[in-house]
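Analysis of the macromolecular model
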Amino acid sequence: MSALTADVVVIGAGVLGGAAAFHLARGGHRVIVLDRGAPGREGSGTTAGNLHVQAVHTRRPGQEVPLDSARFLPLQRAASDRWNSVEAELETSVELRRSGGFTIAETPEQRAELIAKHAWEDRAGIRTEVLDGDGARAALPLLGPTVTAATWCPLDGYANPLLTTPAYLAAAVRHGARLHPFCPVRAVERSGSGWRVTAGDLTVEAPHVVDVAGPWLGEIAALAGIGLRMTPVAIQMHVTVRLPETLRHLVQHIGEGLSVKQVTAGNLLIGGGWPALRLEPDGRSPVSLSSVLGNVAQAARVLPFVRDLRLLRTWAGPLAATPDEMPVIGEVPGAPGFLVAGGTYAFTFAPLWGETLRCLVEGKPTPVDIRDLGPDRLLEPAAPAAPYEEAR
Amino acid sequence: MTTTACDVLIVGGGPAGLSAAARLAAAGLAVTLVDEQPELGGQYYRSPSPAVLREHGDHRPEGGRLVARVRSLGVDCRTGHLVWGVDDDGRTLLGTGPDGSPVRLRGRHVIVATGAYERTHPFPGWQLPSVTTPGFAQHLAAADGTSPGRRVLVAGSGPFLLPVACSLLAAGADVVGVAEAGHPYRPSLRAATALRHPARLRELAGYAARLARARVPLWQGRVVSRASGADRVSSATLAATADPGRPLRTVDVDALCVGYGFRPQTDLARLLGCEIRADAVTGDAEPVTDAFGRTSRPGVYVAGEAAGVGGVHRALVRGATAAAHILLREGSPAAPGPREIARLAARGRALTRFTALSDALYPSQAELRKALAATLDDDTIVCRCEAVTAAAVRSAAAERAGGDLNAAKSWSRAGMGPCQGRFCGFAVAGLVRDAAGDAADGAARCGVPVFPARQPIRPVPVETLLALGEQDGGDG
Ligand SMILES: Cc1cc2nc3c(=O)[nH]c(=O)nc-3n(C[C@H](O)[C@H](O)[C@H](O)COP(=O)(O)OP(=O)(O)OC[C@H]3O[C@@H](n4cnc5c(N)ncnc54)[C@H](O)[C@@H]3O)c2cc1C
Ligand SMILES: Cc1cc2nc3c(=O)[nH]c(=O)nc-3n(C[C@H](O)[C@H](O)[C@H](O)COP(=O)(O)OP(=O)(O)OC[C@H]3O[C@@H](n4cnc5c(N)ncnc54)[C@H](O)[C@@H]3O)c2cc1C
């Protein structure tokens, strides 16, 4: 049994773990990253990879509450700006593309929502343009006849998730971070004024723990005796065979979960948060046929050319959601040095949250105001049987 | 409602599916048999085109008789139907008819008899036009009476290479040689002919004689280590199996057929949630089945080569055995008595022993794969769909994926193209295992050597999905 010391232990090697490790290691901290499996395989390996800059569709199918768009948009604006330097920082391409996106409306209510959303975006400094149905079709002739209005945002984009997390982790390692895959965290306990983390056959002592375990964020917190209300779900993606370059932009729906784009390899990726059959916390979550049919039908309605394609494959990925659908980031009250980050749209937010976590470790002001995004709002009594009890 | 419900749903109209269908329908059960091909028969009983039939006749008339029997027994035969998925109940199969219309298929019992894939190993140049698999060449020869080229080299391993070479000869090709990775044909073949099941070995000897008459050289202990050519293959380099890195001779060709036998096609069984395991001898992923072909999922059987490669006779017996068990479960008056059960079981065991014996004549697939992979240049394309090199797979596996096959796939894109890993999967899994062998307990993480099965099994038209969704809407 080897005992290591570090400045920060990052639990979870997804895109948030990668970004946190990169910013911390580059800032001169000794960082150890632990993952129970192969890095970048869970939410970050299954994500759609959209950079959401204009307001996101507020209701994923099955989602209980809409997120607070007015509050969310300034964060999106900051996250968007932060992406501009990612490829230079990581010294590699992640197929980052900012070719803009449309959010479409079909019904009168959706149209009204689109106009309200445009006003919030204006306030947040995100430039969007409202088009009527014909204007939208003139701008994007691929749009179908049911589209009655759309907003256009030139900042919407995409980065290849299968490149992004690996690039963050590789850059973190270049800056001295140590990555331990296949090293499941089993215990997190206080040790002096810091923490002792036991994972695989490693023990690491560090003043700071960053819990970025995605859907398992709550489980890791529970090991440390912290109860957090999280609602992990699994959602699915649908991808067609390759086609010649056809759709340059991201297309989303204001009232229903839908996102469509063409990736660099040529495949069309269709998503929007449709639920998988169930969340399989220990493995691959199975896809639901009814979600396949629902999501593909929407896509074919909004973009009729989709009708002529063939579906190549489908998959489901796990997602760490919070009950209020807002991100969670910050230090856990009463657990000094224990930081968490996760929740909604963590791919878009990864560069921003990576830097924010470094600022939190260093006790410096954060790039955006996160006071209302802290874990305090999710606190609940910890499950009494957590293994830490005996360790104390 | 467009769900077809029946007593027994059989996917795959090859020898295994046909023999099961005949037994079940003769006992009066309602059987639906689905096959994506336009005609029943599967690989072995694939029917030749009318022109070839007129000229050469049917070389396997027993196949035509079996198909006719199945049809006359009233089996609902759905040819041209691709099964591509499983519905949310985990049980109803989803298919597409020849006109693209969707179908839901439901049987109280399901027999998966989807056959096998050809086994390929990547080598430099295998992506060149006119490099094919023996199965494809055989298909061309048997169905259309043509050959993939004029000067053809047949290479790889297994008994299948000889009939393919003979078919190519019959189709008028100049077979410049047959290269077999092992040493199965002398003198052990003659010795083995004396075994209890000589028919198949005698058949092989017949093919060998035919090739000898046509003066086709049969090289043993040789593998193709490289194919070269500009816009199509023009030459093939042979090396000793024991030392594939060192070229021995170059043969001028305009077509090259390389294949190392077959491996079970288990996608559907896996989508249905049947437990699978790695076979120690072949290195393949196989469904876990008992003597009757029962899987870990109640009511789901796997029969024929989908359960493990073993040739046509074993496929026929496996199909009949699964059918017998279903009749027992149904309490059918036509259910087999203990004597028939014992006879089927004995025949199954004998064929299994025979398969093991004749397999022993050829090099072990697991060892062959390892030998060939070890000399694979880093810049050899391993996944042809996505143009992923051996180096990319190796470095993903060793450095970041830590031996996890799925992680290696997502870090390298190997297996993500249109064929979804059907061609490269076996080789990629092997490369990952080899590369991870160096990392601490990496090899243990590889688990079952196959990419996870995902819907759809083959690409499905969006139109089909839309039509399926409309049906659901219509049903409320
Ligand atoms: C299908 C899908 C589509 C999405 N689309 C988008 C999108 O378009 N845009 C967007 O911004 N967001 C999107 N998201 C959300 C976003 O991609 C994910 O939330 C994000 O990638 C999550 O990153 P993460 O690092 O927080 O978690 P993950 O990537 O899930 O990583 C968590 C890691 O923690 C590890 N872990 C768990 N338990 C332990 C333990 N005990 N010990 C050690 N390690 C452990 C896991 O193995 C895993 O690697 C999508 C999500 C999904 C699933
Ligand atoms: C060209 C060739 C020559 C051979 N020669 C010999 C020989 O000389 N001697 C010998 O013993 N063996 C030979 N074999 C092997 C022999 O063909 C097999 O052992 C036998 O066919 C296996 O029978 P099966 O029923 O398991 O599978 P198959 O005959 O392969 O039948 C499987 C059927 O399932 C169908 N199917 C698969 N997936 C789906 C799906 N998702 N939806 C719908 N339908 C599907 C396929 O279309 C196919 O018709 C040869 C094989 C090939 C390919």
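An unreviewed UniProt entry lists chain B under the name NADPH-dependent 2,4-dienoyl-CoA reductase/sulfur reductase-like enzyme, with Actinomadura coerulea as the source organism.

By the naming in an unreviewed UniProt entry, chain A is Sarcosine oxidase subunit beta, taken from Actinomadura coerulea.

Moving on, we get to the overall build of chain B. Along the backbone of chain B there are 16 helices and 22 strands. Rg of the C-alpha trace for chain B: 22 Å, near the compact-globule value of 23 Å for 476 residues, within the 12% margin. Considering only C-alpha atoms, chain B reaches an extent of 60 × 55 × 40 Å along its principal axes. Split into buried and exposed, the 476 residues of chain B put 58% on the buried side. Entry remark: accessible area of chain B is about 18,900 Å², with carbon and sulfur atoms responsible for 53%. Taken together, the 53 basic and 45 acidic charged side chains of chain B have centroids lying 8 Å from each other.

Moving on to the environment of Ala124 of chain A. Residues and elements named next belong to chain A. Inspection of the secondary structure puts Ala124 in helix 5 (residues 108–124). For Ala124, a relative accessible area of 18% corresponds to the buried category. When the C-alpha atoms of Ala124 and Gln76 are compared, they prove to be 8.9 Å apart, with 48 residues separating the residues in sequence.

To continue, consider the side chain of Arg313 of chain A. In this fold, Arg313 of chain A is placed in strand 19 (residues 310–319). Buried and unpaired, Arg313 of chain A has Glu386 of chain B as its nearest opposite-charge partner, separated by 6.5 Å. A distance of 2.8 Å separates the side chain of Arg313 of chain A from the backbone oxygen of Met416 of chain B, its partner in a polar contact. Those residues within four positions of Arg313 of chain A in sequence are excluded, and the remaining contacts are Met237, His238 and Val239 of chain A together with Met416, Gln420, Arg454, Gln455 and Pro456 of chain B.

This part is about the site of ligand 1. Residues and elements named next belong to chain A. Taken together, 36 residues surround ligand 1, and among them Asp35, Ser44, Thr47, Val185 and Thr348 come closest. A total of 1,000 Å² of accessible area belongs to ligand 1 in isolation, and the protein chains cover 95% of it. Within the residue set of the shell around ligand 1, elements represented by two or more residues are helix 1 (15–26), helix 2 (43–46), strand 15 (233–242), strand 19 and helix 10 (346–362). Tallied by class, residues from the shell around ligand 1 come to 20 nonpolar, 13 polar and 3 charged.

Right, let's get into the sheet that holds strand 9 (residues 151–156) of chain B. Residues and elements named next belong to chain B. Spatially, the 5 strands line up as an open sheet ordered 8-15-9-10-11, and their pairing is parallel. Looking at strand neighbours, the two that pair on one side only are strand 8 (131–132) and strand 11 (218–220), the edges of this open sheet. In the packing of helix 4 (residues 134–144) onto the sheet, contacts are made with strand 8, strand 9 and strand 15 (255–259), and the angle to strand 15 comes to roughly 120°. Sitting on the sheet, helix 5 (residues 161–170) is in contact with strand 9, strand 10 (174–180), strand 11 and strand 15, with an inclination near 175° to strand 10.

Contact with chain B, which involves 35 residues of that partner, is made by 32 residues of chain A. The junction of chain B with chain A conceals about 2,900 Å² of combined surface from both sides, 59% of it contributed by carbon and sulfur atoms. Put simply, chain B and chain A have 3 salt bridges between them. The salt bridge involving Asp404 of chain B is made with Arg41 of chain A; its shortest N-O contact spans 3.9 Å. Counting the contacts that link chain B with chain A gives 10 residue pairs in polar contact (both at pLDDT 80 or more). Mapped by element, the contributors of at least two residues to the side of chain B that touches chain A are helix 13 (405–412), strand 22 (460–461) and helix 16 (462–474) of chain B. Broken down by element, the residue count for the side of chain B that touches chain A peaks at 7 residues, all from helix 16 of chain B. Taken together, the residues that form the side of chain B that touches chain A break down as 17 nonpolar, 7 polar and 11 charged.

On to the UniProt feature "domain: BFD-like [2Fe-2S]-binding" (unreviewed entry) in chain B. Listed under "domain: BFD-like [2Fe-2S]-binding" (unreviewed entry) in the UniProt record, and renumbered for this structure, are residues 381–431 of chain B. Helix makes up 51% of residues 381–431 of chain B and strand makes up 10%, while its end C-alpha atoms are separated by 12 Å.

Evaluated as defined, the whole model comprises 10 aromatic pairs over all chains. Between the aromatic rings of Trp83 of chain A and Phe347 of chain A, the centroid separation amounts to 5.7 Å while the plane-to-plane angle is 40°, which identifies the pairing as tilted. Pair noted here: Trp83 of chain A is in helix 3 (residues 69–83) and Phe347 of chain A is in helix 10, with a separation of 264 residues, a long-range link. Residues Trp83 of chain A and Phe347 of chain A agree in their burial class; the two are buried. Between Phe102 of chain A and Trp152 of chain A the ring centres are 4.8 Å apart and the planes differ by 45°, which places this aromatic pair in the tilted class. Here Phe102 of chain A is found in strand 5 (residues 101–105), whereas its partner Trp152 of chain A is found in strand 7 (residues 149–153), with 50 residues between them in sequence. Three or more aromatic residues link up through ring pairs in this structure, and these residues are Phe72, Tyr345, Phe349 and Trp353 of chain A. For Arg190 of chain A, the ring lying beneath its charged end belongs to Trp195 of chain A, and the centroid distance is 4.5 Å. Looking at Lys409 of chain B, its charged tip hangs above the ring of Phe451 of chain B, at a distance of 5.0 Å from the centre.

Residues and elements named next belong to chain A. You can read the domains of chain A as domain 1 (4–45 + 162–230 + 323–380) and domain 2 (98–156 + 233–319). Residue-level contacts link 6 residues of domain 1 with 5 residues of domain 2. Buried area between domain 1 and domain 2, both sides added, is near 480 Å², and the carbon and sulfur share of it is 50%. Scanning the region where domain 1 abuts domain 2 turns up 0 salt bridges. Here domain 1 and domain 2 share 2 residue pairs in polar contact (both at pLDDT 80 or more) between them.

The rules behind these values
Residues numbered from 1 in each chain as written. Chains lettered and ligands numbered in written order. Predicted model: local features only at pLDDT ≥ 70, side-chain atom pairs only at ≥ 80, totals over all residues. Heavy atoms only, no water. Helix = DSSP H or I, 4+ residues; strand = E, 2+ residues; numbered from the N terminus. Rg over C-alpha atoms; globule rule 2.2 N^0.38 Å. Buried < 20%, exposed > 50% of the residue type's maximum accessible area, 1.4 Å probe, protein only. Areas by Shrake-Rupley, 256 points an atom, 1.4 Å probe, with all protein chains shown as cover. Lys, Arg positive; Asp, Glu negative; His and termini not counted. Charge placed at Lys NZ, Arg CZ, Asp CG, Glu CD. Salt bridge = Lys/Arg side-chain N within 4 Å of Asp/Glu carboxyl O. Polar contact = N/O pair within 3.5 Å; in protein donor to acceptor, adjacent residues only side chain to side chain. Contact = heavy atoms within 4.5 Å. Near = heavy atom within 4 Å. Nonpolar A, V, L, I, M, F, W, Y, C, P; charged D, E, K, R; others polar. Pairing = 2+ DSSP bridges. Axes fitted to C-alpha atoms, helices over the stretch in contact; angles between N-to-C directions. Buried area = accessible area lost by both parts, 1.4 Å probe. UniProt positions renumbered as here; feature names shortened; annotations may be inferred. Phe/Tyr/Trp six-rings, centres within 6.5 Å; stacked < 30°, edge-to-face > 60°. Lys NZ or Arg CZ within 6 Å of the ring centre and 35° of its normal. Domains from an automatic or database assignment.

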